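Each chain, letter by letter, is given below.
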Amino acid sequence: MFTAGCVLIIAGLCMDTFFPINKKNWSTSYVFFSGGWAMAILAGCYYLLDMKQRKAWSFPFVILGTNAILVYYLSTLMAIMMSRITVGEEGTALKTWLYRKYFVSSIEPDKLASLTWALSYVVLWVILTYPLYRKKIFLKI
């Protein structure tokens, strides 16, 4: 599985020269590249979790996975709300203000600031859903 993932990543990169990787259009090169990464990461997780029995690092994913629909819905709702709430005299969206004040201003380069923002948002949802996990409250459909 890992080898197939690496082959897909390389194929996607090779196709990128004449058919650019484009997420918005779901280009073939994008599908190969992202699918290859997904397959390689899945193989890595399988190796660590099932073959080597190294499970401690996966606990945050277990917390999110037990209430995945709830986290998806509420995190989307929170992102929309933070985009609509404005702060300051300029009327800057809360989401933009927080990102600029705490991430862009203190972390260089911008791509690292963006990654830190995204990871912080995921950690926030792990913290918010942990009490539900502890009390064995799971949303079921």
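Look up: the structure comes first, before these words.
Predicted model only: the values in this text are computed from it and were never measured.

Asks: Where do I start with the overall build of the protein in this structure?
Replies: Check the secondary structure of the protein and you find six helices and two strands. Overall, the protein shows an N-to-C arrangement of helices and strands of α-α-α-α-β-β-α-α. A globule of 141 residues ought to have a C-alpha radius of gyration of about 14 Å, yet the protein, at 19 Å, is considerably larger. Across the 141 residues that make up the protein, the buried fraction comes to 21%.

Asks: Would you mind showing me how to read the nonpolar core here?
Replies: What tends to happen in soluble globular proteins is that the nonpolar side chains get buried as a cluster. Within the largest apolar cluster, 13 residues are counted, with the highest numbers of intra-cluster contacts made by Leu-64, Met-82, Phe-103, Tyr-121 and Trp-125. At the level of secondary structure, the elements contributing two or more residues to this core comprise helix H3 (59–66), helix H4 (68–84), helix H5 (94–104) and helix H6 (110–134). Apart from the residues within four sequence positions on either side, Tyr-121 is in contact with Ser-75, Met-78, Ala-79 and Met-82.

Asks: Mind showing me how you'd approach helix H2 (residues 28–51) here?
Replies: The periodicity of an α-helix, 3.6 residues per turn, causes residues three or four positions apart to be oriented the same way. For H2, built from 24 residues, the straight-helix expectation of 34 Å at 1.5 Å per residue is met to within 8% by its first-to-last C-alpha distance of 33 Å. Buried residues of H2: Ser-29, Tyr-30, Gly-36, Ala-40 and Ala-43, and no others. Contacts from the buried residues of H2 go to helix H1 (2–16). Where H2 terminates, the next one or two residues include Gln-53, which has phi positive at roughly 55°.

Asks: Looking at this structure, how should I read the packing of H4 against H5?
Replies: For any two helices packed against each other, one specifies the crossing angle of their axes together with the interaxial distance. Close contact between H4 and H5 brings their axes to 5 Å; oriented N to C, the two are set at 90°. What the angle tells us is that H4 and H5 run roughly perpendicular. The segment H4 lies against H5, with Ala-79, Met-82 and Ser-83 engaging Leu-94, Lys-95 and Leu-98. Along the lines of polarity and charge, the residues of the contact of H4 with H5 split into four nonpolar, one polar and one charged.

Asks: What exactly am I supposed to notice about a nonpolar patch on the surface here?
Replies: On the surface, a nonpolar cluster with roughly 850 Å² of combined accessible area is contributed by Met-1, Leu-42, Tyr-46, Tyr-47, Leu-48, Met-51, Trp-57 and Phe-61. Counting residues per element, the nonpolar patch draws most heavily on H2, at five residues. Position of Tyr-46 relative to the elements: it lies in helix H2. For Tyr-46, a relative accessible area of 42% puts it in the partly exposed group.

Basis of the calculations
- Residues numbered from 1 in each chain as written.
- Predicted model: local features only at pLDDT ≥ 70, side-chain atom pairs only at ≥ 80, totals over all residues.
- Heavy atoms only, no water.
- Helix = DSSP H or I, 4+ residues; strand = E, 2+ residues; numbered from the N terminus.
- Rg over C-alpha atoms; globule rule 2.2 N^0.38 Å.
- Buried < 20%, exposed > 50% of the residue type's maximum accessible area, 1.4 Å probe, protein only.
- Core = buried A, V, L, I, M, F, W, Y, C linked by side-chain atoms within 4.5 Å.
- Contact = heavy atoms within 4.5 Å.
- Expected span 1.5 Å × (residues − 1).
- Axes fitted to C-alpha atoms, helices over the stretch in contact; angles between N-to-C directions.
- Parallel < 35°, antiparallel > 145°, perpendicular 65-115°, else oblique.
- Nonpolar A, V, L, I, M, F, W, Y, C, P; charged D, E, K, R; others polar.
- Patch = residues over 30% accessible without salt bridge, like charges linked within 9 Å, V, L, I, M, F, W, Y side chains within 5 Å.
- Areas by Shrake-Rupley, 256 points an atom, 1.4 Å probe, with all protein chains shown as cover.
- Salt bridge = Lys/Arg side-chain N within 4 Å of Asp/Glu carboxyl O.

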